[in-house]
Amino acid sequence: MVEFDNFKLVDGGVCAAKGFIAGGINVGIKPGSTKRDLAIISCEKKCTAAAMYTQNKVKGAPITVTKKHLEDGIAQAVIVNSGNANTCNSNGIEIAEQMCELCAEQLDIDTNDVIVGSTGVIGQKLSIDPVKNNIEKLAKSLSAEGSTLACEAIMTTDTRKKELAVEFELDGKVCHIGGISKGSGMINPNMATMLAFITTDVNINSALLHKALKRTTEITYNMVSVDGDTSTNDTVCIMASGLAENKEITAEDANYEIFLNGLYAVMMNLARETARDGEGATKLMECVVRNAPTEAIAKSVALSVINSSLLKAAIFAADANWGRILCAIGYAEGDFDISKVEVLLSSDKGTVKVCENGAGVDFSEDKAFAILSEDEIVIIVDLHDGFEKSVAWGCDLTYEYVKINAEYRS
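A brief look at the structure comes next.

### Some points on the overall build of the chain
Along the chain, the regular secondary structure elements total 11 helices and 15 strands. On C-alpha atoms alone, the chain measures out to a radius of gyration of 22 Å, which is about the 22 Å that the 2.2 N^0.38 rule sets for 410 residues. With the principal axes as the frame, the chain shows a C-alpha extent of 70 × 55 × 35 Å. Burial statistics for the chain: of 410 residues in total, 56% are counted as buried. Restricting to contacts in the chain with at least 6 residues of sequence separation, those with at least 24 account for 80%.

Right, here's the structure in full:
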């Protein structure tokens, strides 16, 4: 995890923030599976809430229901399943609404204050029976130590849990932001590249909470790509309990900036871990673009590099085929001078320059191979054409990626 000044990494995930409990159990969503597949995150009081969603035209039924429930900017709980996406189903809306009703009944809250999410195979019927038959057991299991169990319950092809919390101060009050997420395949920008559930005890109004989430998503989750496929169910949501009792944030002042930075610390790390855990991945790729004419161009170049299948395959082989980087930069959207471009490859083994002024330079292939053999690779692209910057994250493309997706339904 990347650490930030003034933000202390703490345990607890989504339960680190005051007022939240969580849990996850196996209910048999996917026949024959024994993994946890149903989770609830709940707060002791109504929360200010906001969410963002996939831009895929095909959207999972849970997104439709969640959008409706969040029209008033208020939520108190999340219920989410793995093993089935509840997408492209004739009765999908009905199932998603029933999940909310069952959750609300057990927690004694308003159905409209429940956020619902699903992840898994698209286009398969989802029965409400596993949820109905086990919801009471799940509700009774919720605890302040349940974040990890909830995190496990939302995983699909993920190989590692993605869970994080930070602690900081506002107005002398100790505050927290915590999150869990899932994402390994079908990951591509357009919001949100994963399922992510974030909690905070900061007191902040609805408009600024939404603005902070939108801005932070643009530079974290929307800068991740594993395979170029935008999922149908991508959702990131945040609930703010206000129980830290700081003075309510109602303006973009110093406290708002602190909150924004804390949210970035959590969301950036979760996004980064999604790229690291890409299906079949052996290496985390990070592309840093600097000195671009505009932020939009910086982001476009970073994502072009990260999305290049040819480059991802070369990184898997530790092959410094830098021409593939220049090719990807060349088809990025935006107006900039390719003759000024400089490219460096970096890792814990050092840094090597492979391109300057848009042309190749002499470098040691052996040193480049050693650099690219590490499990975290940084590709630095300097456009020398402005002052803006951006970062994107991805992973290498391996034989295992094909195997996982060829066998996904089996």
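### Overview of the pattern of salt bridges
Enumeration according to the criterion identifies 19 salt bridges in this entry. Of the charged contacts, one joins aspartate 201 and lysine 18 as a salt bridge, the two residues approaching to 3.8 Å between their closest N and O atoms. Placement of the pair is aspartate 201 in the loop between β8 (195–200) and α5 (206–218) and lysine 18 in the loop between β1 (8–9) and β2 (20–25), with a sequence separation of 183 residues. We classify aspartate 201 as buried; its relative accessible area is 0%. On the basis of relative accessible area, lysine 18 is assigned to the partly exposed category, the value being 33%. When salt bridges that share partners are traced, they join Arg160, Arg272, Glu273, Arg276, Glu286 and Glu376 into one network.

### Digging into the sheet that holds strand β11 (residues 342–347)
Pairing between the strands of a sheet comes from backbone hydrogen bonds, and it takes one of two forms, parallel or antiparallel. Strand order across the open sheet formed by 6 strands is β13-β12-β11-β14-β10-β15, with mixed pairing between neighbours. Strands at the two margins of the open sheet, each flanked by one partner only, are β13 (359–360) and β15 (388–395). For strand β10 (residues 284–292) and β15, the ladder comprises 7 bridges, and the chain directions are antiparallel. Note on β15: the bridge partner recorded for valine 288 is valine 391. Packed on one face of the sheet, helix α10 (residues 365–372) meets β11, β12 (350–356) and β14 (376–382) and runs near 120° to β12.

### Here we look at the pairing of β14
Most of β14 sits inside the fold, with 5 of its 7 residues counted as buried. The sheet contact formed by β10 and β14 spans 7 bridges and is parallel. Within β14, the residue paired with methionine 285 across the bridge is isoleucine 377. In this structure, β11 lies alongside β14, joined through 5 bridges in antiparallel fashion. Residue pairing in the sheet places leucine 345 in a bridge with isoleucine 379 of β14.

### Focus: helix α7 (residues 295–307)
Here α7 contains 13 residues, and its C-alpha end-to-end distance of 18 Å stays within 8% of the 18 Å for a straight helix at 1.5 Å per residue. Of all 13 residues making up α7, 10 are buried, and the element is well covered by its neighbours. Buried within α7 are the following residues: Ile297, Ala298, Lys299, Ser300, Val301, Ala302, Leu303, Ser304, Val305 and Ile306. Contacts from the buried residues of α7 go to α5, β10, α8 (309–316), α9 (323–330), β14 and β15.

### Some thoughts on the environment of cysteine 395
For cysteine 395, the location among the structural elements is in strand β15. On the basis of relative accessibility, which here comes to 1%, the residue cysteine 395 falls in the buried class. The spacing of cysteine 395 and serine 141 is 254 residues in sequence and 36 Å in space, taken between C-alpha atoms.

### What about the pairing of strand β3 (residues 38–53)?
Burial analysis of β3 places 13 of its 16 residues in the buried class, which makes it a mostly covered element. Pairing between β2 and β3: 6 bridges, direction antiparallel. When the sheet's bridge partners are listed, glycine 24 is paired in β3 with alanine 39. Of the strand pairs in this sheet, β3 and strand β4 (residues 74–82) are connected by 7 bridges, and their pairing is antiparallel.

### Notes on unusual backbone geometry
For residues besides glycine, phi is generally negative; the peptide bonds are generally trans as well. Here the phi dihedral of asparagine 291 falls at roughly 55°; this positive angle occurs in a residue that is not glycine. Looking at the secondary structure, you find asparagine 291 in strand β10. We classify asparagine 291 as partly exposed; its relative accessible area is 26%. The backbone of asparagine 357 shows a phi angle near 55°, a positive value even though the residue is not glycine.

### What to know about the packing of α5 against helix α6 (residues 254–276)
Between α5 and α6, whose axes approach to 10 Å, the crossing angle comes to 45°. In terms of axis orientation, α5 runs oblique to α6. The interaxial crossing formed by α5 with α6 has right-handed handedness. Across the interface between the two elements, Leu208, Leu209, Lys211, Ala212, Leu213, Thr216 and Thr217 of α5 pack against Tyr256, Phe259, Leu260, Leu263, Tyr264 and Met267 of α6. Taken together, the residues of the contact of α5 with α6 break down into 10 nonpolar, 2 polar and 1 charged.

### Brief notes about the packing of aromatic side chains
Two aromatic rings are characterised by how far apart their centres lie and by the angle between their planes. Summed over the entire model, instances satisfying the criterion amount to 3 aromatic pairs. With a centroid separation of 5.4 Å and 90° between ring planes, the pair formed by phenylalanine 316 and tyrosine 399 is classed as edge-to-face. With phenylalanine 316 in helix α8 and tyrosine 399 in helix α11 (residues 399–406), the pair connects residues that are 83 residues apart, well separated along the chain.

The rules behind the values
Residues numbered from 1 in each chain as written. Predicted model: local features only at pLDDT ≥ 70, side-chain atom pairs only at ≥ 80, totals over all residues. Heavy atoms only, no water. Helix = DSSP H or I, 4+ residues; strand = E, 2+ residues; numbered from the N terminus. Rg over C-alpha atoms; globule rule 2.2 N^0.38 Å. Buried < 20%, exposed > 50% of the residue type's maximum accessible area, 1.4 Å probe, protein only. Contact = heavy atoms within 4.5 Å. Salt bridge = Lys/Arg side-chain N within 4 Å of Asp/Glu carboxyl O. Pairing = 2+ DSSP bridges. Axes fitted to C-alpha atoms, helices over the stretch in contact; angles between N-to-C directions. Expected span 1.5 Å × (residues − 1). Parallel < 35°, antiparallel > 145°, perpendicular 65-115°, else oblique. Left-handed = near helix turned anticlockwise from the far one by under 90°. Nonpolar A, V, L, I, M, F, W, Y, C, P; charged D, E, K, R; others polar. Phe/Tyr/Trp six-rings, centres within 6.5 Å; stacked < 30°, edge-to-face > 60°.

Purely geometric stuff here, so don't read any function into it on its own.
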